[in-house]
Amino acid sequence: MRKRAHVHGADLVGIRRLAIEGTSGVTEIVEAVHSAVLENILPGTPIQSAVARSTASIYAAVRMVTGTVDGGLDAALSPYLSRVAGMKSTPEREAVLAALNGVVGDHLAATGNPLAIAIRLRRGGIALDIERSRLAAAIPDASDKVLLFVHGLSMNDLQWSRGRRNRSADLARELGWTPVHLHYNTGLHVSTNGRALAGLLEKVVSEWPAPVRKLAIVGHSCGGLLARSAHFYGTSAGHRWPDCLRYLVFLGTPHHGSALERVGNYATLLLSSTRYSLPFARIARIRSAGITDMRYGNLLDEDWQGIDRFENLPDRRRPLPLPDGVRCFAIAASKGGLAGACGDGLVSIDSALGRHEEPARTLAFAPSDQWIATGMTHGDLLTRAAIYHKLREWLAS
């Protein structure tokens, strides 16, 4: 049996890159603050010019040293890389990678950082090779009904389990479905992941060991947005898998965004309001595209293309109704009672149930197909028994 490692060789390469990029970024912020202060110290005098030249040379030296250290780290890490090669992952490592991808996953992907998570299907944390014979070997009891679970922001597929109990897999088996879990980089735009998932599901339908008769998707948090986006792009591309889709279940999905991201964006704007705090706004602007999509619940490319995603702009999403011919269910969580305005602490009840003050944006969930789970947080939606009792009731019908 292969040993497990909290840190893999590729992780060290990726961490090294982030550390160097972080050092360079902090240097730029400090230099910008320093410059803003200097502009008000004896402006236009020879003393100011001399101090400015002196500090500029210091910051240039810091950047030069950072570049030198970058090259030396590769040589220092090489002995360790050979020792950890081939080791299996751990739940702790998976959780850290998922959180990192949620916060800066778009940057990791854009820079080719090995810490970036590639979209894939997994079972028990093991990636599935989407090829018929290999799928048959990995899932010998594959049925014609596939139940896909899609995790939320900064999370991973292993977090559908609590301890040794995986209620999602138990539910699928009880109902005669074959469970699979999506693992993906939640820091990318929802629409980017939506296109990727649409293509992946088309390949699954083509290569599945048994002809796929029914497909159901359960999405937690932004995983529900991803499912809606994938259906749109799959249908637009003429894929076959949307015809197999029978059920969509949304667990705490921010259909109309999260107030937490809207507050975070206001904080960014406040930091940008003065020359002294402006450099610190760069820190707030590192948050990923996946996070800023949560401001209003973006689903499509056109919802975010051509704008500065950190600007304080009104909701410009194209209204997208629930898909025709698919039965859709929604569960909202409330930490308090049924009327708890804050919902589960991250997503309001109205957003989770698709309610909006503009009728065109309201999602038409049937009254019997929506439910408010009281006394639960956002994370509880993944593992609490009451949630799976409700899913069993809905899907068995």
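Attention in this report is confined to the structure presented alongside it. (Residues numbered from 1 in each chain as written. Predicted model: local features only at pLDDT ≥ 70, side-chain atom pairs only at ≥ 80, totals over all residues. Heavy atoms only, no water.)

Right, let's talk about the overall build of the chain for a bit. The helix and strand inventory of the chain stands at 13 helices and 10 strands. By the burial criterion, 46% of the 397 residues in the chain qualify as buried. Restricting to contacts in the chain with at least 6 residues of sequence separation, those with at least 24 account for 78%. With an accessible surface of roughly 18400 Å², the chain has 60% of that area assigned to carbon and sulfur atoms. (Helix = DSSP H or I, 4+ residues; strand = E, 2+ residues; numbered from the N terminus. Buried < 20%, exposed > 50% of the residue type's maximum accessible area, 1.4 Å probe, protein only. Contact = heavy atoms within 4.5 Å. Areas by Shrake-Rupley, 256 points an atom, 1.4 Å probe, with all protein chains shown as cover.)

Where helix α3 (residues 91-110) bends most, the angle comes to about 90°, and this point is Val 104. Turning to α3, its buried residues are Arg 93, Glu 94, Leu 97, Ala 98, Asn 101, Gly 102, Val 104, Gly 105, Asp 106 and Leu 108. (Bend = angle between axes of the 7 residues up to and from the residue.)

Looking now at the sheet that holds strand β3 (residues 145-150). Spatial ordering of the open sheet is given by β2-β1-β6-β3-β7-β8-β9-β10, a layout of 8 strands whose pairing is mixed. The open sheet terminates on both sides in strands that have one partner only, identified here as β2 (126-127) and β10 (370-374). In terms of strand pairing, β3 meets strand β6 (residues 178-183) through 5 bridges, oriented parallel. The partner of Leu 147 across the bridge, within β6, is Pro 179. The sheet contacts of helix α7 (residues 222-236) involve β3, β6, β7 (214-220) and β8 (245-251), and relative to β7 the element is tilted by about 140°. (Pairing = 2+ DSSP bridges. Axes fitted to C-alpha atoms, helices over the stretch in contact; angles between N-to-C directions.)

Right, let's get into the pattern of salt bridges. Tallied over the full model, the rule gives 20 salt bridges. Linking Arg 355 and Asp 350 is a salt bridge whose minimum nitrogen-to-oxygen distance equals 3.1 Å. Put simply, Glu 393 and Lys 390 hold a salt bridge, and the shortest N to O gap is 3.3 Å. Of the two residues, Glu 393 and Lys 390 both sit in helix α13 (residues 385-396), 3 residues apart, roughly one turn of that helix. (Salt bridge = Lys/Arg side-chain N within 4 Å of Asp/Glu carboxyl O.)

Next up on the list: the packing of aromatic side chains. Counted under the stated rule, the structure contains 6 aromatic pairs. Centre to centre, the rings of Phe 232 and Tyr 233 are 5.1 Å apart; their planes meet at 85°, and the pair counts as edge-to-face. Comparing Phe 232 with Tyr 233 shows no difference in burial state: the two are buried. Three or more aromatic residues joined by ring pairs form one cluster here, namely Trp 177, Tyr 247, Phe 329 and Trp 394. (Phe/Tyr/Trp six-rings, centres within 6.5 Å; stacked < 30°, edge-to-face > 60°.)

Across all of its chains, the model carries 2 cavities of 30 Å³ or more by this definition. Taken as a whole, the largest cavity encloses approximately 150 Å³ of empty space. Along the wall of the largest cavity there are 17 residues; nearest its centre are Arg 295, Tyr 296, Asn 298, Asp 303 and Ile 307. Class assignment of the residues belonging to the lining of the largest cavity gives a composition of 5 nonpolar, 3 polar and 9 charged. (1 Å grid on protein atoms, 1.4 Å probe; cavity = no way out; pocket = protein on both sides within 12 Å on 5 of 7 lines; lining within 4 Å. Points joined across faces, edges and corners; volume = space filled by probe spheres on them. Nonpolar A, V, L, I, M, F, W, Y, C, P; charged D, E, K, R; others polar.)

Moving on: the nonpolar core. Grouped together as the largest cluster of nonpolar side chains are 52 residues, with contacts concentrated most on Leu 121, Leu 148, Leu 182, Trp 208, Ile 217 and Trp 241. Apart from residues lying up to four places away in sequence, Trp 241 is in contact with Ala 198, Leu 201, Glu 202, Val 205, Leu 215, Ile 217, Ala 230, His 231 and Gly 234. Counting 25 residues, the second-largest nonpolar core is a separate cluster that includes Phe 149, Tyr 247, Leu 381 and Trp 394. (Core = buried A, V, L, I, M, F, W, Y, C linked by side-chain atoms within 4.5 Å.)

What follows covers helix α6 (residues 190-207). For α6, built from 18 residues, the straight-helix expectation of 26 Å at 1.5 Å per residue is met to within 8% by its first-to-last C-alpha distance of 25 Å. Looking at α6, one finds that the buried residues are Val 190, Ser 191, Asn 193, Gly 194, Leu 197, Ala 198, Leu 200, Leu 201, Glu 202, Val 204 and Val 205. Along its buried surface, α6 packs onto β1 (120-123), β3, β6, β7, α7 and α8 (241-244). (Expected span 1.5 Å × (residues − 1).)

α7 packs onto α6 with a crossing angle of 60° between their chain directions and a minimal axis gap of 7 Å. As judged from the angle between their axes, α6 and α7 are oblique. Crossing handedness for the pair α6 and α7: right-handed. Where α6 approaches α7, its residues Val 190, Ser 191, Asn 193, Gly 194, Arg 195, Leu 197 and Ala 198 are matched on the opposing element by Leu 225, Leu 226, Ser 229, Ala 230, Tyr 233 and Gly 234. (Parallel < 35°, antiparallel > 145°, perpendicular 65-115°, else oblique. Left-handed = near helix turned anticlockwise from the far one by under 90°.)

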